[in-house]
Every structure is written in structure tokens, then in C-alpha cells.
Amino acid sequence: MSEQVVGGKSFTAVAINCAAKAGEWIKTKLGNHTSLSLKYSAQDLVTEVDKGAETMIRNLVMTHFPQHSFLGEEGVQPGPEASTKALQSVRDAEYLWIVDPLDGTTNFVHSFPFFSVSIALAHKGEVIVGVVYDPIRDELFVAEKGKGAYVRGRRMGVSAEETLRDSLIATGFPADQQYALPLNMKGLQALVPQVRNIRSGGSAALHMAYVASGRLSGFWEIGLNSWDLAAGSLLITESGGRVTDVKGSPYDLGVRHVAASNGHIHDEFVQALQQAESGS
Ligand code: IPD
Ligand code: CA
Ligand code: CA
């Protein structure tokens, strides 16, 4: 990828470096955050660690690629309308970094060890690099468009389940209790009896990485943002899986209601969600 090397650093190397640095710093702050505030709802939390990690990543990216655009969760006003607007204003940029500096803030606040740093680079709206880092397990999930996806240096592949009945599926419980949560609950009600079991770990980006690495058969959630999904979407497609919205339309940066899977179960999964009217 020689066209992607600037000043000796490839896009992927910078993404990995940012995720590793931010993740290590976040880990040192586990159990020691000093400020906790609410954003869009009583379930939507933010700490000084979320903000500090984003600043660290933004500064590093801008040092290497000052011409690039940057969309980070903490630079955007809370709530779905503001997020959609923020994405619209940059989504056609030539190079756009899409960053969730700490995905799983609720877990971080409670010292529940399941959270991640999610960094994607999109070229004209298409994700070309995706990195998700879990600092607790020191697991770095990396994908480059057309070059596969790796964890701990090993090529990843999705799981082999062919049916929902054999599948382990994850979801999340959205902070938006007016719109997204009731729809997600409809999907949950419908899917629980149809699958092997459901998990909800509390980091959408890490759930996506787990679908890519074959640890989960699928994941869906209503009301996510581009920074929750961009890196994970490339991890999954480069691992042989499928990412769409809950109605089955192909993934793009604007997708908020995601259905991601190993591919084999995808049609059945999307059909079950649609029958439950979980996406509208
Ligand atoms: C949240 C996590 C969680 C999901 C929420 C997200 P945050 O992100 O991904 O798993 O259920 O919908 O908002 O706020 O911790 O970055
Ligand atoms: Ca998030
Ligand atoms: Ca976050």
C-alpha cells in the first residue's frame, strides 16, 4: 500500500498506534475517573477519559495527516439528529477518520472489563482501514480493505453456524429510550426463543469484532452511530461476514440500525428482525 504511506507511516500503522496509545491510557484510568456526566439521557455517560482519549487520537492523526477530516464522538453534540448532521457534513471527504475513543463507557465507569477503542479511516465514504482495540485483553483487531482482517497477528474468519437455532447473537440496549430501545426490545423478544442464546457485552465495536473473529454468530442494535460501526464493519466483511441495516440494505456510513453476521445466517436473521418490526 505504497500510496498510503506519508512520511514513512501508513494509514494502518497510524490507526494501530492511536488505538494502542489511547487504549493503554484508558486502562490506567480504570477505577480512577474523576468526572462523570450525562449526555443525551440518564443512560448516556461521558467521563474526562472519553474526552482525553479522543483528544490524544485526534492530535496524533492530525500530526500525520493534517489534510484529513476527523469525526469523533466527543466532538459532536449528543443525540441522533446531531450525529446524523455531523456525519452528513463530512461523509464525502476524501479521507475521513471516524473515531469512538471509548466504546463501552458504562462498562468503563463500573470497571466491567469490556470496552474498546474504535478507529476507522474512510476514503470517499468507503471504509479502508478498521481497528478495534480491547486494552483489557490486549487484543487488537485490524482490517485493511482487500487485505483481510487479523487479531493477534492471525487471520480472522467468521463462524460456521448455518441457522439461527445454532447461533450465539449479541445486542445492546440503546441509551435512547424513546425510539431505539423499544424497537430493540421487539427484536430481543422475537429472537431469544429462536437462537442458541443472546449476549449483551456493552461495546458495539467489540461485538462487531467478535462477529469478525467467529466468537459471535451475529450482532444487531438499533440507533448506533457511525463511530460505533465503521471499523467493525470492515473487520466483518474482511473476515467473510455480512453487514447490512436491519432491513437488509448494504452497510454504508449512515447505517444506524445494524445487522451483522457470519453471512450464513444473515437472511434468516434479517427476516426474523423484520417480522418483529424491530427496525421501523
Ligand atoms: C455505546 C456502546 C453500547 C451500545 C450503545 C452505545 P458508548 O457506546 O456501544 O454497547 O449499546 O448503544 O452508545 O456510549 O459507550 O461509546
Ligand atoms: Ca459507542
Ligand atoms: Ca464512546
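The structure displayed is predicted, hence computed values, not measured ones.

Student: Which residues make up the coordination of the calcium ion (ligand 2), and what values do they have?
Tutor: The calcium ion (ligand 2) binds to the protein through Asp100 (OD), Asp103 (OD) and Asp228 (OD), with metal-donor distances spanning 2.1 to 2.2 Å. As a motif over one chain, the donors of the calcium ion (ligand 2) read D-x2-D-x124-D. Separating the calcium ion (ligand 2) and the calcium ion (ligand 3) is a distance of 3.8 Å, and aspartate 100 donates to both of them. Judged by its relative accessible area of 1%, aspartate 100 is buried.

Student: Describe the site of ligand 1, listing the residues and the values that go with them.
Tutor: Around ligand 1 lies a shell of 14 residues, among which Asp103, Gly104, Thr105, Gly202 and Glu221 are the nearest. Aspartate 100 has a polar side-chain atom sitting 3.1 Å from an oxygen atom of ligand 1. Take alanine 204: an N or O atom from its main chain is 3.0 Å from an oxygen atom of ligand 1. Contact with the protein chains removes 85% of the 380 Å² of surface that ligand 1 exposes when unbound.

Student: Now, about the pairing of strand 16 (residues 258-261): what can you tell me, with residues and values included?
Tutor: Every second residue of strand 16 is oriented toward a common face, with Val258 and Ala260 on one face and Ala259 and Ser261 on the other, all of them buried. Of the strand pairs in this sheet, strand 14 (residues 218-221) and strand 16 are connected by four bridges, and their pairing is antiparallel. Across the sheet, tryptophan 220 pairs through a bridge with alanine 259, a residue of strand 16.

Student: Go over the environment of alanine 205 with me, naming the residues and quoting the values.
Tutor: Tracing the backbone shows alanine 205 in helix 6 (residues 204-212). Separated by 43 residues in the primary sequence, alanine 205 and glycine 248 place their C-alpha atoms 20 Å from one another. With near-sequence residues (within four places) excluded, alanine 205 lies in contact with Asp103, Ser116, Ser118, Val132 and Asp228.

Student: Can you tell me about the sheet that holds strand 15 (residues 242-245), naming the residues and giving the values?
Tutor: With respect to topology, five strands assemble into an open sheet ordered 13-12-14-16-15, the strand pairing being mixed. Lying at the two open borders of the sheet, with one neighbouring strand each, are strand 13 (197-199) and strand 15. When the angles between neighbouring strand axes are averaged without regard to direction, this sheet yields 20°. Note that strand 15 and strand 16 share four bridges and pair antiparallel. Within strand 16, the position partnered with arginine 242 by the bridge is serine 261. Strands strand 12 (168-171), strand 13 and strand 14 of the sheet are contacted by helix 5 (residues 180-191), whose axis makes an angle of about 145° with strand 14.

Student: Give me the domain arrangement of the chain: which residues, what numbers.
Tutor: Parsing the chain into structural domains produces domain 1 (2-155) and domain 2 (164-278). The gap between the C-alpha centroids of domain 1 and domain 2 is 20 Å. Taken residue by residue, the interface counts 48 residues in domain 1 and 31 residues in domain 2. Summed over both partners, the interface of domain 1 with domain 2 comes to about 2,800 Å²; 64% of that surface belongs to carbon and sulfur atoms. The salt bridge partner of aspartate 252 is arginine 91, with a shortest N-O separation of 3.5 Å. Across the domain 1-domain 2 interface, the total number found is 11 residue pairs in polar contact (both at pLDDT 80 or more). Secondary-structure elements contributing two or more residues to the side of domain 1 that touches domain 2 are strand 5 (69-72), helix 3 (80-90), strand 6 (95-103), strand 7 (116-123), strand 8 (126-134), strand 9 (139-144) and strand 10 (148-151).

What counts and what doesn't
Residues numbered from 1 in each chain as written. Chains lettered and ligands numbered in written order. Predicted model: local features only at pLDDT ≥ 70, side-chain atom pairs only at ≥ 80, totals over all residues. Heavy atoms only, no water. Donors = N, O, S within 2.8 Å, 3.2 Å for Na, K, Ca; no water. Buried < 20%, exposed > 50% of the residue type's maximum accessible area, 1.4 Å probe, protein only. Near = heavy atom within 4 Å. Polar contact = N/O pair within 3.5 Å; in protein donor to acceptor, adjacent residues only side chain to side chain. Areas by Shrake-Rupley, 256 points an atom, 1.4 Å probe, with all protein chains shown as cover. Helix = DSSP H or I, 4+ residues; strand = E, 2+ residues; numbered from the N terminus. Pairing = 2+ DSSP bridges. Contact = heavy atoms within 4.5 Å. Axes fitted to C-alpha atoms, helices over the stretch in contact; angles between N-to-C directions. Domains from an automatic or database assignment. Buried area = accessible area lost by both parts, 1.4 Å probe. Salt bridge = Lys/Arg side-chain N within 4 Å of Asp/Glu carboxyl O.

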